Amino acid sequence: MARYCFGLATTFHDPALAIVGPDGEVRYAEAAERYRQDKRATNAEPDHIFRTAELIETYCEPDAEFVVGRTWGAGSARLPAWMGLASRFGLLEPGMIARLPDGGVAKLLLFRPYQIHHLTLCVRSSHLKPGANLALTLRQTWGNRKLSFLDFDHHLTHAATACYTSPFSEAACLVVDGIGDHGSVAAYTYRDGTVTPLAHHRGSESLGALYMLVTDLCGFSIFKGEEWKVMGLAAYGRRDADLYRDLSSMVRAVGLGLCYAPMRRIRAIVRALETRRRGPDRSPLAAADLAHTWQIVFSEVMDALLARLYVATGAENLVLSGGCALNSSYGGQILDRTPFKRLHIPSAPGDDGNALGAAWLAHRHFHPEWRPRVQTHTPYLGSSMAGETLERLFRIGRVPRLRHLPGEVHRKAAEALASGAIVGWVQGRAEFGPRALGNRSILADPRDPAMKDRINALVKFREEYRPFAPAILDRHGGEYFENYQESPYMERTLRFRKEVVDRVPAVVHVDGTGRLQTVKREWNERFYELIAAFHGLTGIPLVLNTSFNIMGKPIIHSVEDALGLFYTTGMDVLVIEDYLLEK
Ligand SMILES: [Fe+2]
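Residues numbered from 1 in each chain as written. Predicted model: local features only at pLDDT ≥ 70, side-chain atom pairs only at ≥ 80, totals over all residues. Heavy atoms only, no water.

Chemist: What's the story with the coordination of the iron ion in this structure? I'm lost.
Modeler: Between any two of four tetrahedral donors, the ideal angle at the metal is 109.5 degrees; between two of six octahedral donors, it is 90 or 180 degrees. Protein-derived coordination of the iron ion comes from H154 (NE2), H158 (NE2), D177 (OD) and D351 (OD), at a distance range of 2.2 to 2.3 Å. Given four donor atoms and angles of 86 to 167 degrees at the metal, the environment of the iron ion is assigned as irregular. Linear spacing of the donor residues for the iron ion on their chain is H-x3-H-x18-D-x173-D. Taken together, the residues span a long stretch of sequence, with H158 in helix α6 (residues 154–164) and D351 in the loop between β12 (342–344) and α14 (354–366) at a distance of 193 residues. Assessed through its relative accessible area of 11%, D351 is described here as buried. (Donors = N, O, S within 2.8 Å, 3.2 Å for Na, K, Ca; no water. Tetrahedral: all angles 85-135°; square planar, octahedral: opposite > 155°, others 65-115°. Helix = DSSP H or I, 4+ residues; strand = E, 2+ residues; numbered from the N terminus. Buried < 20%, exposed > 50% of the residue type's maximum accessible area, 1.4 Å probe, protein only.)

Chemist: Help me out: how do you make sense of the sheet that holds strand β8 (residues 194–200) in this one?
Modeler: Strands pair in a sheet through their backbones, by hydrogen bonds, and they do so in one of two ways: parallel or antiparallel. Spatial strand order, β8-β7-β6-β11-β12: five strands in an open sheet with mixed pairing. The strands lining the two open edges of the sheet, one partner per strand, are β8 and β12. Looking at each pair of strands side by side, their axes are set apart by 25 degrees on average, direction ignored. Relative to strand β7 (residues 185–191), α6 is tilted by about 40 degrees, and along the sheet it contacts β6 (170–176), β7, β8, β11 (317–321) and β12. (Pairing = 2+ DSSP bridges. Axes fitted to C-alpha atoms, helices over the stretch in contact; angles between N-to-C directions. Contact = heavy atoms within 4.5 Å.)

Chemist: Explain the pattern of salt bridges to me, please; I cannot follow it from the model alone.
Modeler: Close approach of charged atoms allows side chains with opposite charge to pair. Tallied over the full model, the rule gives 31 salt bridges. Close ionic contact of E45 with R36 constitutes a salt bridge, the shortest N to O distance being 2.6 Å. Residue R36 is classed as partly exposed on the basis of its relative accessible area, which comes to 29%. The closest approach of N and O atoms between E529 and R521, which form a salt bridge, is 2.7 Å. Residue classification places E529 among the partly exposed residues on the basis of a relative accessible area of 24%. (Salt bridge = Lys/Arg side-chain N within 4 Å of Asp/Glu carboxyl O.)

Chemist: How should I be thinking about the environment of C163 in this particular structure?
Modeler: Of note, C163 is situated in helix α6. Residue classification places C163 among the buried residues on the basis of a relative accessible area of 0%. It is 36 Å that separates the C-alpha atoms of C163 and E464, two residues lying 301 residues apart in sequence.

Chemist: Just to check I follow, could you spell out the packing of helix α2 (residues 49–59) against helix α5 (residues 132–142) for this structure?
Modeler: Pairs of packed helices are described in terms of their axes, by the angle between the two and the distance that separates them. Running from amino to carboxyl end, α2 crosses α5 at an angle of 60 degrees, the nearest separation of the two axes being 9 Å. The orientation of α2 relative to α5 falls into the category oblique. Seen from above, α2 lies across α5 with right-handed handedness. Counting all contacts with α2, which are made through I49, T52, A53, I56 and E57, the residues of α5 involved are N133, L134, L136, T137, L138 and W142. Tallied by class, the residues present in the contact of α2 with α5 amount to seven nonpolar, three polar and one charged. (Parallel < 35°, antiparallel > 145°, perpendicular 65-115°, else oblique. Left-handed = near helix turned anticlockwise from the far one by under 90°. Nonpolar A, V, L, I, M, F, W, Y, C, P; charged D, E, K, R; others polar.)

Chemist: How should I be thinking about the packing of aromatic side chains in this particular structure?
Modeler: Centre-to-centre distance and the angle between the planes together describe a pair of aromatic rings. Summed over all chains, the structure comprises 16 aromatic pairs. Following the ring pairs from residue to residue traces out a cluster consisting of Y164, Y190, W360 and W370. Cation over ring: R278 sits above F220, and NZ or CZ is 5.3 Å from the ring centre. (Phe/Tyr/Trp six-rings, centres within 6.5 Å; stacked < 30°, edge-to-face > 60°. Lys NZ or Arg CZ within 6 Å of the ring centre and 35° of its normal.)

Chemist: Teacher, can you tell me more about the nonpolar core here?
Modeler: The nonpolar side chains of soluble globular proteins are, as a tendency, buried together. Membership of the largest hydrophobic core comes to 63 residues, with the highest contact counts inside it found for Y480, F527 and F548. Element by element, the count of residues in this core is highest for helix α19 (residues 525–538), at six residues. L174, L217, L243 and M250 belong to the second-largest nonpolar core, a separate cluster that totals 55 residues. (Core = buried A, V, L, I, M, F, W, Y, C linked by side-chain atoms within 4.5 Å.)

Chemist: When you look at a nonpolar patch on the surface in this model, what are you seeing that I'm missing?
Modeler: Judged by side-chain polarity, I49, F50 and L136 come together as a nonpolar surface patch covering roughly 280 Å² of accessible area. With respect to the element layout, F50 can be found in helix α2. Given the relative accessible area of 58%, F50 is considered exposed. (Patch = residues over 30% accessible without salt bridge, like charges linked within 9 Å, V, L, I, M, F, W, Y side chains within 5 Å. Areas by Shrake-Rupley, 256 points an atom, 1.4 Å probe, with all protein chains shown as cover.)

Chemist: Please clarify how empty space enclosed by the protein should be interpreted in this entry.
Modeler: Empty space left among the atoms is revealed by rolling a probe the size of a water molecule over them. Taken as a whole and assessed by the stated rule, the structure comprises five cavities of 30 Å³ or more. In this structure, the largest cavity is lined by 13 residues; those nearest its centre are Y28, A32, Y35, P46 and R51. Mapped by element, the contributors of at least two residues to the lining of the largest cavity are β3 (26–31), α1 (32–36) and α2. A breakdown of the residues in the lining of the largest cavity according to their chemical character gives seven nonpolar, two polar and four charged. The computed volume of the second largest cavity comes to approximately 60 Å³. Around the second largest cavity, the lining residues are T161, T165, P346, S347, A348, L356, H377, T378, P379, L381, F432 and Y489. Each residue belonging to the lining of the second largest cavity can be placed in one class, and the counts come to seven nonpolar, five polar and no charged. (1 Å grid on protein atoms, 1.4 Å probe; cavity = no way out; pocket = protein on both sides within 12 Å on 5 of 7 lines; lining within 4 Å. Points joined across faces, edges and corners; volume = space filled by probe spheres on them.)

Chemist: Teacher, can you tell me more about helix α16 (residues 409–418) here?
Modeler: Every buried residue of α16 is accounted for by V409, H410, A413, A414, A416 and L417. What you see down the axis of α16 is that its buried residues fit within an arc of 160 degrees, all on one side. Taken together, the buried residues of α16 touch β14 (423–426), β15 (440–444), α19, β19 (542–547), β20 (573–576) and β21 (579–582). Two residues or fewer past α16, G420 is found with a positive phi of approximately 100 degrees. (Arc of directions from axis to C-beta.)

Set out below in C-alpha cells:
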C-alpha cells in the first residue's frame, strides 16, 4: 500500500507542513504563514484543517497509509511543564541563565516572567496539537484511520532537511539555532542518505539566544523574528571596543559546543549592555555599532565551531543549518574563513524547514535503503496560484490593461523593467523558506540609484537602511562579485567588484556587498529568461529582487493577495504566469 509521509514543523513559531510521496520525492512543502497570510503564524497548527484536506486531494491518494513526522523529540513535551513551574515559583528572572532538566531555557536570558508564562502556553499548545487536524480530516472525509506518528530530535530534522537537499553525497553538518531538544548546537556526519550524530551540545548556552538579546537591545522584536534586521544594520556600524569586550567574553566555543562566562559576570555584562539599549524614539542607526560588533563576535564563535568540525570530520563539504544559518553575511564568508571547500545552506534553514526533514526521516524509517538525489534541490515546493481564479479575472474581472501573453510575457516584463517600472512577478510554485527566489518576487532595474528609495516609499513601506538583493545569471557572477560562489537560495552575501558598483547602485549595500541569488536556466527557466531578456536590453545581467509582500506581512499566497498589493502600492506592472497587468 502507498505510504505518504507528512512532516509537521511544530515549533510555536513558523509552523510548516511537508509531504513526501511513496517514492521519497517531495510533493509539497510550505510554511503555514502563507495560506493564513499571518506572518510567522505564531501558535498556529501546521495542519490547518481546511488546507490539509485540499493538500491530501491534490498530492496524495486519500486511502493510502499516512505517517506524520514531528520536529521535536518525545521528551521535549516536558519542557513547558518545567518552564511553567520555574516561572510560577519566581525561579526565573531577566539576565538569568537557567539550567533545568531537558536544557532548553536559554532564551529566558531576556524574558520577563509574564513573557515566560506566555511562551510556556505557546510551547505547550504547539506540542498538543500537531497532527490532530490531519487525523480528523482523514477519518471524517475518507474514513481513513491508517495514521501513525513519529517524533524526531529537533536538530536531526534541521540536519536532514539540509543534508538531503544538498548537492553532496558526503559532508560534515552543523546545526546552530536558539534551542533544540537538548541544547543549541549539534554536529553530524552525512554519507549516502545517513545522517549520523557526531556531537550534541547539552546545556542552555546558545548563540541564537544571544542573537535575540542583541536584537532586543537594538530595539527590534524578537517575537517577530527580526534578527535579520540586525544583520542589515551591521553594515552601517563600526567595531566598538567596549561592546566587543563584553559580547565576546559572554560566550566561547568549547569543543563542538558553547560555554558562557560565569553567572555573575554574565549578569554584569547584561546590565552594561542595557545602557546601550536603543530607545523607541531613536533611529535604528543608533544601534549600528552594537549590530556590527555582534556580527564580528557571532562570526568568530562560528569560525571556532567550524574549525573544530573540520578537524573532527576531515570533510571538505560543509552543510550548515538552524536559524543561525540565515546569517547570509557570515554565510558568504565561510569558505574564506574556514578550511571547508564547498558549502550548502538550504533554502529553509529555520524551523519551518524542519517539516521537510521530518517527512524525509519518516520515509527513511520505512525505507532505510532510500537515498536522496545528489543535486541542488529545488526550493519551489509550495503552492501554485489557482488557474481558475486567473482565468476568471481575465474573463469577468473587468480589469483594463490585462493581457494574456504566452511565450512572450518575460520579454514584455523585461521591457517594463528596463523602462523603470516596478514589476510584481509571480510564477509556478512558491519558494520554501523565507526568501523570494523569482517565483513570488517584486523586481526592478538595479541601475537606478533612486530605485531603492522608490521601492521603500511606494511598495514595501520599510526602513531605508535595509538592502535589496540582486538576482544574477550564473555565468556573469564572476564579473560582478569578488570570489564569486553560487548562491542558489540567496544564502550568501558577497562583495561586489569595485568597478561594477556604479552600474547597479540599487542592489549594493552600504558596505559594498550584495546578498545574491544565482540564477541558472535549469533551476528556474522563466526567471532565467526574464533576466536574460533584461540583459539583452540593458547589458546588465541582474535584476533587483525583493519578496512580494509589504513590511509585516508574509509573502503573498493567492491571486487575490497579489492583486490587493498591486492596487494598494506603487507597483507598475503585475505578471502572474502568462498574464500581464499594467496600471
Ligand atoms: Fe531550530
